[in-house]
Amino acid sequence: MEVGVVKAEDHPKKKLGPKVYLHQPNAMANAASGMAVEDECKLKFLELKAKRNYRFIIFRIDGQQVVVEKLGSPEENYDDFSNSLPANECRYAVYDFDFTTAENCQKSKIFFIAWSPDSSRVRMKMVYASSKDRFKRELDGIQVELQATDPSEMSFDIIKSRAL
């Protein structure tokens, strides 16, 4: 944080005293690019990671915060997940991918997918892109990140190759 002296009429920051203001460089960056993250997002992610209650979670930006849009049951598969993403709107998603290694070991990796189809509105693409890193930091335990603008960029084969 920086402390500086400026005229009151020239500076919209928090006032600390006569003509002294607190300046938080990251505050404006978060206001412009970061969204508030609903507690339910973190809670549901922890349930996916620790309890394996869900196969996937789809998140959307609603107003100024990220919210849970859909929870996929453990019985759902990758096709169910990819069909749940809207064709013309951006979304964030987390997918718990189970696989077997060449040594015949059962493993799981948690994917973070930033879905930003070419047909979505430019403003929405910008909002999702600028908020992605901050949102992803809230979800501790992401192992693989994938960005997709087209279903072919997040095909099952791509997910499988990125997991191994």
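Placed above this text is the structure.
Attention here is on the structure that accompanies the text. (Residues numbered from 1 in each chain as written. Predicted model: local features only at pLDDT ≥ 70, side-chain atom pairs only at ≥ 80, totals over all residues. Heavy atoms only, no water.)

**Quick word on unusual backbone geometry**
Then comes step 1: The backbone of Arg-52 shows a phi angle near 60 degrees, a positive value even though the residue is not glycine.
Then comes step 2: Turning to its location among the elements, Arg-52 is positioned in the loop between helix 2 (39–51) and strand 5 (56–62).
Then comes step 3: Relative accessible area serves as the criterion here: at 36%, Arg-52 is assigned to the partly exposed category.
Then comes step 4: At Asn-104, a residue that is not glycine, the phi angle is positive and equals roughly 65 degrees.
Then comes step 5: Mapped onto the elements, Asn-104 comes out in the loop between strand 7 (91–100) and strand 8 (106–115). (Helix = DSSP H or I, 4+ residues; strand = E, 2+ residues; numbered from the N terminus. Buried < 20%, exposed > 50% of the residue type's maximum accessible area, 1.4 Å probe, protein only.)

**Here we look at the packing of aromatic side chains**
Then comes step 1: By the definition in use, this model includes 13 aromatic pairs.
Then comes step 2: With a centroid separation of 6.2 Å and 90 degrees between ring planes, the pair formed by Phe-97 and Phe-111 is classed as edge-to-face. Of this pair, Phe-97 sits in strand 7 while Phe-111 sits in strand 8, and the two are 14 residues apart along the sequence. Exposure class is identical for Phe-97 and Phe-111. Each is buried.
Then comes step 3: Measuring from centroid to centroid gives 5.6 Å for Phe-97 and Phe-156, while their planes differ by 70 degrees, and the two rings are edge-to-face. Separated by 59 residues along the polypeptide, Phe-97 in strand 7 and Phe-156 in helix 5 (residues 156–163) bring together distant segments of the chain.
Then comes step 4: According to the relative accessible area criterion, Phe-156 is partly exposed, its value standing at 39%.
Then comes step 5: Clustering of aromatic rings is evident, with ring pairs tying together Phe-56, Tyr-78, Phe-81, Tyr-95, Phe-97, Phe-99, Phe-111 and Phe-156. (Phe/Tyr/Trp six-rings, centres within 6.5 Å; stacked < 30°, edge-to-face > 60°.)

**Structural notes on the pattern of salt bridges**
Then comes step 1: Going through the model one piece at a time under the given rule, you end up with 12 salt bridges.
Then comes step 2: Of the charged contacts in the structure, one is a salt bridge between Asp-62 and Arg-60, with a shortest N-O distance of 3.7 Å.
Then comes step 3: Judged by relative accessible area, Arg-60 falls into the partly exposed class, the value being 26%.
Then comes step 4: Between Glu-145 and Lys-132 there is a salt bridge; the shortest N-O distance is 2.7 Å. You can see Glu-145 sitting in strand 9 (residues 144–148) and its partner Lys-132 sitting in helix 4 (residues 122–138), a full 13 residues away along the chain.
Then comes step 5: For Glu-145, a relative accessible area of 24% corresponds to the partly exposed category.
Then comes step 6: Via salt bridges that share partners, Arg-60, Asp-62, Glu-69, Glu-89 and Arg-91 belong to a single interconnected network. (Salt bridge = Lys/Arg side-chain N within 4 Å of Asp/Glu carboxyl O.)

**Describing helix 4**
Then comes step 1: Taking 1.5 Å of rise per residue, 17 residues should cover 24 Å, and helix 4 covers 25 Å from first to last C-alpha, within 8% of that figure.
Then comes step 2: The largest bend in helix 4 is about 45 degrees, located at Lys-132.
Then comes step 3: All buried positions along helix 4 are accounted for by Val-127, Tyr-128, Ser-131, Lys-132 and Phe-135. (Expected span 1.5 Å × (residues − 1). Bend = angle between axes of the 7 residues up to and from the residue.)

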